[in-house]
Amino acid sequence: MSQFAKSFLPSTRGEWSSRATFVGVAILFLFVFPAWLSDSRLDLMSSYVAYAIVALGIAIAWGNGGMLVLGQGLFFGLGAYCVAMYLALVEVGGAPNLPQFMTLLGSQETLPALWKPFNNLWFALSAAVIVPVALAATLGTLIFRSRIRGPYFAILTQALAGAFGILLIGNITLINGTNGITTSFSEIFGLKLAEPEDQKVLYTICVIALGVAFLLSRQMLKSRYGRLLLAVRDAEDRVRFLGYSATKIKVIAFATSAGLAGVAGALFVLVGPKIISPASVGIIPSITMVVWVAVGGRASLAGAIAGAILVNTAEFEISSAAPEYWLYFQGALFIGVVAFAPQGLAGAATWLKSKITSRGDSGATSTAKPVEEAA
Amino acid sequence: MEAILNQLFAGVSYGSILLLIALGLTFTFGQMGVINMAHGEFIMFGAYTTYVLQEVLGKDQITYAFLLSLPIALVVAGAMGLLLEITLIKRLYGRPLDTLLVTWGVALVLQQLARDIFGANNVEVVSPSWLDGGITIAGVDMAYNRLFIIGLSLAITAAAWVVVGKLKQGRRMRAVMQNRQLAGASGINTPSVDRRTFFLGSGLAGVAGVAITQLGSVGPNLGTNYIIDAFLVVIVGGLGHLRGAVIAALSLGILNSLAEYWSSASLGKVIVFLAIVVFLQFRPEGIVASESRGLA
């Protein structure tokens, strides 16, 4: 066997078991869930899968880069609105027809210039990723260059998400303000969003996107760049003194997390509730996204996915049974996990593993306790 | 011109509310590095304190209820802050990002608590009759309630300046802020100073809440509307500096109302945010920077 082919084969026992887990989870999501869950549940699960992609980005920026991103709703929203605008145009037969809400409001005579390029599917899809990445790269460069970090950075991202939410709410004639854009009656690639059979295909697309995003993120963190990112998290100044550009390293992680959020937003409008509105992009949704990752284990990619799916499932179950208790539960979850179990589910899994195999074969260095630099 | 002057007054009035809120944050953030997201909910409970006092004392005692609620809200919010410090925040020193998330969780619980106790609908606080109406100077309409808030915020800033600059307690606070280890080694009981600072900082949020009742109705989400802007004041002003907080609060208040006047309410927030990011390019440590040998 050639050296190249060998490099794809796992070399250690830990590698084998993590690959087996990956295949197992993939089978669970691709074959067991579609057979087991009802159509509406599966559709909801698709949106949780999209959320899990946002969680991956937060795990990269926060768990591995030490940048608490409290404004992911902004990037998620940008991705979502880009695709939703395309879908809203398809629904009415494409430009120059006006999207339904504009006709109802009677606010516009002709299609606004902002909407015109979104008549093209490929433009909309690429904008859903490029716009968040470009915005995050620009803002990140400005912020990290002036060495704003820690809580300052967190508050700035939060203020950004807040401003974006207010901007959306204020623009009624352009993007329908608080009501947002509904996409249920549209279609993409010939797939009708309201059709249960097509929803299954969209679900599979979401799962595959999550799988690809997971593998790419894992590769990114295992690379030389990933080691540098961890080093920046734990001792930024030391990295800088060694001659690396800490700004560049952080901007890449921040932009990656924004890109993942954009992809997630683009998928989100295709599935689940099939609506994007300011209610899912502002300050509160943004911080909720961080809860998922905190529950899963901030530095662990697999943990972030598990956290996103479990917390959202719990939210659905609890708030349909007793809506008034969900906020208490969420608050308690937040306090309990962050204050008393900062390693989250991933930490619990590592602990269990070390209990079962007392041989000390734990190759999980990535879940090492993050050391925050005091601001 | 008159329109601009009116906007300036609105800006100063908003700025003085931000200042009231940010004063407490400057103490806790500056001294302990604690980002207290539940600060907004202390404001909210301060506002509800006014409401409860009015309900208890009855309609003919509005003035007493309002004036009495200033010290009582200070104690109520302060006690809540103290409780939070003792139970949770104490464990999280040196983990500022985790504190932020934990206190956000506390904020969620407190909001739901307020919803369960007082109902999800907003409640009305009646203004004392001497705060109704206003005067017009040089074409600027100045409502008495807004003038009162500006005065209150001036008085409290002056009091805070005396406490921090002149009193023993303030000297200890500054010592801990500048160098915690050295202060501890010099015989200052730092945990006790922390608790007092937290009590004071949270208590000021309660007082801000009382002031805010004069501007509109009181609801469970009252605090969230102000907290982010207040944090921006702290960031722009520089850590733990009264002078920075005053300048930043007024500038942000005025910038806010002018930006909203020239564009729209929704675009205004974005403009303010961009202005802050640009400002931080030139002065990353805020208006008043601490002299420090640290690397931050």
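Residues numbered from 1 in each chain as written. Chains lettered and ligands numbered in written order. Predicted model: local features only at pLDDT ≥ 70, side-chain atom pairs only at ≥ 80, totals over all residues.

*Asks:* Sorry, what's going on with the overall build of chain A here?
*Replies:* Scanning chain A from terminus to terminus reveals 15 helices and four strands. Rg of the C-alpha trace for chain A: 21 Å, near the compact-globule value of 21 Å for 375 residues, within the 12% margin. Taken along the three principal axes of its C-alpha coordinates, chain A extends 70 × 55 × 50 Å. Each of the 375 residues in chain A was classed as buried or not, and the buried ones make up 48%. Put simply, of all contacts in chain A between residues at least 6 apart along the chain, 79% involve residues at least 24 apart. (Helix = DSSP H or I, 4+ residues; strand = E, 2+ residues; numbered from the N terminus. Rg over C-alpha atoms; globule rule 2.2 N^0.38 Å. Buried ≥ 20, exposed ≤ 12 C-beta atoms within 10 Å, placed from the backbone. Contact = placed C-beta atoms within 7 Å.)

*Asks:* In this structure, what is going on with the overall build of chain B? I would like to understand it.
*Replies:* Per the secondary structure count, chain B includes eleven helices and two strands. Along the three orthogonal principal directions, the C-alpha set of chain B runs to about 55 × 45 × 35 Å. Residues counted as buried form 50% of the 296 residues belonging to chain B.

*Asks:* I keep staring at the interface of chain A and chain B and nothing clicks. Help me out?
*Replies:* Quite often, the size of an interface is put as the accessible area lost when its parts meet. Contact with chain A, which involves 40 residues of that partner, is made by 37 residues of chain B. Elements supplying a minimum of two residues to the side of chain A that touches chain B: helix H6 (121-145), helix H7 (150-170), helix H12 (283-296) and helix H14 (323-340) of chain A. Broken down by element, the side of chain A that touches chain B gets its largest block of residues, 14 residues, from H7(A). Class assignment of the residues belonging to the side of chain A that touches chain B gives a composition of 29 nonpolar, eight polar and three charged. (Nonpolar A, V, L, I, M, F, W, Y, C, P; charged D, E, K, R; others polar.)

*Asks:* Teacher, can you tell me more about the packing of H7(A) against helix H11 (residues 265-282) of chain B here?
*Replies:* A packed helix pair is summarised by two numbers, namely the angle formed by the two axes and the spacing between the axes. Contact geometry for H7(A) and H11(B): axes closest at 7 Å, N-to-C directions at 155°. Taken together, the axes of H7(A) and H11(B) lie roughly antiparallel to each other. Crossing angle aside, the handedness with which H7(A) passes H11(B) is left-handed. Packed against H7(A), whose contacting residues are Ala159(A), Leu160(A), Ala163(A), Ile166(A), Leu167(A), Ile169(A) and Gly170(A), the element H11(B) presents Ala265(B), Ser266(B), Leu267(B), Lys269(B), Val270(B) and Phe273(B) at the interface. When grouped by side-chain class, the residues that make up the contact of H7(A) with H11(B) number ten nonpolar, two polar and one charged. (Axes fitted to C-alpha atoms, helices over the stretch in contact; angles between N-to-C directions. Parallel < 35°, antiparallel > 145°, perpendicular 65-115°, else oblique. Left-handed = near helix turned anticlockwise from the far one by under 90°.)

*Asks:* Help me understand the pairing of strand S1 (residues 134-137) of chain B, please; the structure alone is not making it clear to me.
*Replies:* Side-chain positions along a regular strand alternate between the two faces of the sheet. Residue and element names in this part refer to chain B. Bridge count between S1 and strand S2 (residues 140-143): four bridges; the pairing is antiparallel. Looking at the pairing, Ile 137 lines up with Val 140 of S2. The loop that links S1 with its antiparallel partner S2 comprises two residues; one of these, Ala 138, has a positive phi angle of about 50°. (Pairing = 2+ DSSP bridges.)

*Asks:* Help me understand unusual backbone geometry in this model?
*Replies:* Trans is the common state for peptide bonds, and a negative phi is the common state for residues other than glycine. Residues and elements named next belong to chain A. Unusually for a residue other than glycine, Phe 189 sits at a positive phi of about 50°. Residue placement: Phe 189 occurs in the loop between strand S2 (187-188) and strand S3 (191-192). In this model, Lys 274 sits at a positive phi of 55°, which is unusual for a non-glycine residue. Tracing the chain through its elements places Lys 274 in the loop between helix H11 (246-268) and strand S4 (275-276).

*Asks:* I would appreciate a short explanation of H6(A) in the present structure.
*Replies:* Each full turn of the α-helix corresponds to 3.6 residues, which orients residues three or four apart in the same direction. Taking 1.5 Å per residue as the helical rise, H6(A) with its 25 residues ought to reach 36 Å, and the 36 Å between its terminal C-alpha atoms agrees with that figure. Approximately 35° is the largest bend angle found in H6(A), and it occurs at Ala127(A). Looking at H6(A), one finds that the buried residues are Ala124(A), Ala127(A), Ala128(A), Val129(A), Pro132(A), Val133(A), Ala136(A), Leu139(A), Gly140(A), Ile143(A) and Phe144(A). Here the buried face of H6(A) lies against helix H4 (72-91), H7 and H11 of chain A together with H11 of chain B. (Expected span 1.5 Å × (residues − 1). Bend = angle between axes of the 7 residues up to and from the residue.)

*Asks:* Help me understand the UniProt feature "transmembrane region" (unreviewed entry) in chain B in this model?
*Replies:* Residue and element names in this part refer to chain B. Within this numbering scheme, the UniProt entry marks residues 12-35, 62-84, 96-114, 147-164, 198-218, 230-254 and 261-282 as carrying the feature "transmembrane region" (unreviewed entry). In residues 62-84, the share of helix is 100% and the share of strand is 0%. The end C-alpha atoms are 31 Å apart. With 100% helix and 0% strand, residues 147-164 has its two end C-alpha atoms placed 26 Å apart. (UniProt positions renumbered as here; feature names shortened; annotations may be inferred.)

*Asks:* Before we go on, may I ask you to explain the nonpolar core in this structure?
*Replies:* It is characteristic of soluble globular proteins that their nonpolar side chains tend to be buried jointly. Counting 204 residues, the largest nonpolar core has Ala55(A), Leu56(A) and Ile305(A) as the members making the most contacts within it. Apart from the residues within four sequence positions on either side, Leu56(A) is in contact with Ala213(A), Phe214(A), Ser217(A), Leu260(A), Leu301(A), Ala304(A) and Ile305(A). (Core = buried A, V, L, I, M, F, W, Y, C linked by C-beta atoms within 7 Å.)

*Asks:* Can you help me understand the confidence of the model for chain A in this one?
*Replies:* The predicted structure's coordinates, where accompanied by low pLDDT, should not be read in detail. Residue and element names in this part refer to chain A. Model confidence for chain A is summarised by a mean pLDDT of 86, while 92% of its residues fall at 70 or above. Element-level mean pLDDT values for chain A span from 65 in helix H1 (residues 3-6) up to 95 in H11. Segment residues 360-375: pLDDT under 50, and 37 contacts once partners within four positions in sequence are set aside and those in other chains are kept. (pLDDT = per-residue confidence, 0-100.)

*Asks:* Looking at this structure, how should I read H14(A)?
*Replies:* Between its first and last C-alpha atoms H14(A) spans 26 Å; for 18 residues at 1.5 Å apiece the expected length is 26 Å, and the two agree. Listed as buried for H14(A) are Gln330(A), Gly331(A), Phe334(A), Ile335(A), Val337(A) and Val338(A).

*Asks:* Mind showing me how you'd approach the confidence of the model for chain B here?
*Replies:* All names here are of chain B. Looking at chain B as a whole, the pLDDT averages 85, with 97% of positions reaching at least 70. Put simply, S1 is where chain B has its lowest mean pLDDT, 76, and helix H2 (residues 39-57) is where it has its highest, 91. With a pTM of 0.87, the predicted complex shows an ipTM of 0.83.

*Asks:* How should I be thinking about the environment of Ala264(A) in this particular structure?
*Replies:* Residue and element names in this part refer to chain A. Topologically, Ala 264 is positioned in helix H11. As a C-alpha pair, Ala 264 and Gly 190 span 74 residues in sequence and 20 Å in three-dimensional space. Setting aside its immediate chain neighbours within four residues, Ala 264 contacts Ala 50, Tyr 51, Ile 53, Val 54, Phe 76 and Gly 79.

*Asks:* Would you mind going over the environment of Ile228(B) with me for this structure?
*Replies:* Relative to the assigned elements, Ile228(B) resides in helix H9 (residues 222-237). Each C-alpha atom of the pair Ile228(B) and Leu101(B) lies 14 Å from the other, and the pair is 127 residues apart in sequence. Those residues in contact with Ile228(B) that lie beyond four places of it in its chain are Gln158(A), Ala159(A), Gly162(A) and Ile283(A).

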